[in-house]
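So the chains spell out like this:
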Amino acid sequence: MSAHPLDQDSAFRVVLMDQDIDGTRRSVNTRSYGAAPSIAFGIGSPTQIGSSWLTQHNNDHVDYGFPMFRFKDDPILEPLQAPFGRTYQ
């Protein structure tokens, strides 16, 4: 985050975000980034005006894990046996 006063009662601020996460499996990862600039005038005065903007971009490969399987009358829910590295979306 970076904030800079423009004059005695005005300021500009930029907040940046970046995230790159590798999952435990080869095909599952997350990449996110964004920015949130804002500007304010009249800080500390009876009339303050502000404007802000937010943009965020996500490139996710969501993995919900293995689907669960249950036999007809079996009360126990178990993960389906599936090959390693396969994703279920």
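This structure is a prediction, so every number in the text was calculated from the model and none was measured. (Residues numbered from 1 in each chain as written. Predicted model: local features only at pLDDT ≥ 70, side-chain atom pairs only at ≥ 80, totals over all residues. Heavy atoms only, no water.)

1. Some remarks on the confidence of the model for the chain
For any part of a model where pLDDT is low, the fine detail of the predicted coordinates should not be relied upon. This is how the line gets drawn: A residue's pLDDT is the predictor's confidence in that residue, given on a scale from 0 to 100. Secondary structure elements follow DSSP: runs of H or I no shorter than four residues count as helices, runs of E no shorter than two count as strands, and numbering proceeds from the N terminus.
For the chain, the mean per-residue pLDDT works out to 79, and 58% of the residues sit at or above 70. Mean pLDDT per element in the chain: strand β6 (residues 68-69) is the minimum at 58, and strand β4 (residues 49-52) is the maximum at 96.

2. What to know about the environment of D20
Stated precisely, the cut-off is as follows: Only heavy atoms matter for contacts: two residues are in contact if any of them lie within 4.5 Å across the pair.
With respect to the helices and strands, the residue D20 is situated in strand β2 (residues 10-22). C-alpha of D20 to C-alpha of S32: the two residues are twelve residues apart in sequence and 6.5 Å apart in space. If near-sequence neighbours (up to four positions away) are discounted, D20 is found in contact with T30 and R31.

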